[in-house]
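# Geometric and topological summary
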Amino acid sequence: MKRVLCFSLLVVFVLMLTVPSFAIRSGGQEALDFTSRTPEEHGEGWDWDPGTSTLTLSGLGLYVSDVKPRVEPGALILPGGSTIALSEGSENSIVFDISSCTTDNAYGIYCNGQLTITGAGRLSVEVAGTNTQNSYGVYAIGDITIQGGAEVSASAGDVQEVNGLQSSGVISLGSLSVCEAALTAVSLSGENAAESCGISSGWNVNLENAAVVAYGGTASEVSFGINSVYGMVISGGKLISTSAESGSVSAGVCCGGGAEISAGADVYVYGDSAAVSSGLDASEGLVSISGDSTRALFFGGAEPENVLMTRSADCSTLVGGLCAGSLSISGGMVLAGSASGSGGAILSSGEVCISGGQVTTISGGEDSLFSVAGPNGGLCPGAITVSGGSFNAS
């Protein structure tokens, strides 16, 4: 519990750094709904071009604290195919505060289709309050693309104690892409939420030279830093993705179609205490790690104090640091570890192939104990091949 509290305080501190100081919560404003606006319009800190479905933000400070009768209640509502253009150097804030109202779903930003956020400015989005079944910082029916030097932070709050379902900082029903930009996506849920995600994607997650922080909060069932239904590609940049304690599953990153990490990416993923815990869970696909300057750390069962020491955790069923259908490491520095519980530093049902790089495994919180296991913690993966690089396993 101390570990979760400390990380939660860290997340709050990060958000304090990214929320503009003018986001003062005094009085309420009308939500901005552009789904049916046809003429060009202008407001304080914003300009709307219906011809290109572009909303330009140049110092927006939007605080909405009331829910009007509408299909999708939120602070900013956009049609599909919209672009949010952040003016260079601008500080923009959107807060949807539902502390004094009740709704089934609460959105900081809702887009009825594809959404692009671009421009060298900053945008902070927050959903505050717990009077909802589902809380979403940024939500899009289609793909979400963040690019062009944009710095975006999105925070979802906790949900109702009864019938609380999901809390997610950013959710895309399509793919999520962050290219040459920064994204912090946080769920500050408590145990009321059944599912808590920093980032949730219904298709793929693509990160290219991006700086991404994702945190899934405490949940009664599952907590994910990032949950991608299909694959994940990380090319360069830096990713920190971690999950919190949950009743069933906790994974720093969960992706159904495998993961590719390359081009000098720095990747740190932790899964916290749960019946099933993993740093990276790509148990149905290939995980490929390459690039001489790539660094990747995967840890399941607890948050490590550093790369060689761990705190204890009570994981009763299965723990894995790096879980893959098959694994190929041809370069970089890779550390995989797991805390107490059955399983191992690396879990794979297929071939584990190491042809380059520096690989270190930690099991049970000790670097003197090496563990590579098969599916569900079994003793026999498909095959283990070491043909190059260095492998610290004793």
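All of the points below concern the structure found in this document. (Residues numbered from 1 in each chain as written. Predicted model: local features only at pLDDT ≥ 70, side-chain atom pairs only at ≥ 80, totals over all residues. Heavy atoms only, no water.)

## Let's talk about the overall build of the chain
Across its full length, the chain carries one helix and 36 strands. Expressed as a percentage of the 394 residues in the chain, the buried residues total 56%. Of the contacts made within the chain by residues no fewer than 6 positions apart, 78% connect residues no fewer than 24 positions apart. Surface summary for the chain: the accessible area is close to 14,800 Å², and the carbon and sulfur share equals 51%. (Helix = DSSP H or I, 4+ residues; strand = E, 2+ residues; numbered from the N terminus. Buried < 20%, exposed > 50% of the residue type's maximum accessible area, 1.4 Å probe, protein only. Contact = heavy atoms within 4.5 Å. Areas by Shrake-Rupley, 256 points an atom, 1.4 Å probe, with all protein chains shown as cover.)

## Describing a nonpolar patch on the surface
A surface patch of nonpolar side chains, about 300 Å² in accessible area, is lined by Trp203, Val229 and Tyr230. Relative to the elements of secondary structure, Tyr230 occurs in the loop between β21 (222-228) and β22 (232-235). The exposure class assigned to Tyr230 is partly exposed, which follows from its relative accessible area of 37%. (Patch = residues over 30% accessible without salt bridge, like charges linked within 9 Å, V, L, I, M, F, W, Y side chains within 5 Å. Salt bridge = Lys/Arg side-chain N within 4 Å of Asp/Glu carboxyl O.)

## Comments concerning the packing of aromatic side chains
Across all of its chains, the model carries eight aromatic pairs by this definition. Both rings, one in Tyr107 and one in Tyr136, keep their centres 5.4 Å apart while their planes meet at 20 degrees; by these two values the pair is stacked. With a gap of 29 residues between them, Tyr107 in strand β9 (residues 103-112) and Tyr136 in strand β12 (residues 132-140) connect regions that are remote in the sequence. Take Tyr107 and Tyr136: they sit in the same class, and that class is buried. Counting every residue linked through ring pairs, the aromatic cluster contains Tyr107, Tyr110, Tyr136 and Tyr139. Looking at Arg37, its charged tip hangs above the ring of Phe34, at a distance of 4.7 Å from the centre. (Phe/Tyr/Trp six-rings, centres within 6.5 Å; stacked < 30°, edge-to-face > 60°. Lys NZ or Arg CZ within 6 Å of the ring centre and 35° of its normal.)

## Thoughts on the pattern of salt bridges
Throughout the structure, instances matching the rule amount to four salt bridges. In this structure, Glu41 engages Arg37 in a salt bridge whose closest nitrogen and oxygen atoms are separated by 3.1 Å. A salt bridge links Arg295 to Asp266, with the nearest nitrogen and oxygen atoms 2.9 Å apart. Here Arg295 is found in strand β28 (residues 295-300), whereas its partner Asp266 is found in strand β26 (residues 266-271), with 29 residues between them in sequence. Note on Arg295: relative accessible area 40%, which makes it partly exposed. Here the salt bridges share partners, and the residues they tie into one network are Glu91, Arg122 and Glu151.

## Observations concerning the environment of Glu44
Position of Glu44 among the secondary structure elements: in the loop between β2 (41-43) and β3 (46-49). Considering only alpha carbons, one finds Glu44 and Leu57, 13 residues apart in sequence, at a separation of 9.1 Å.

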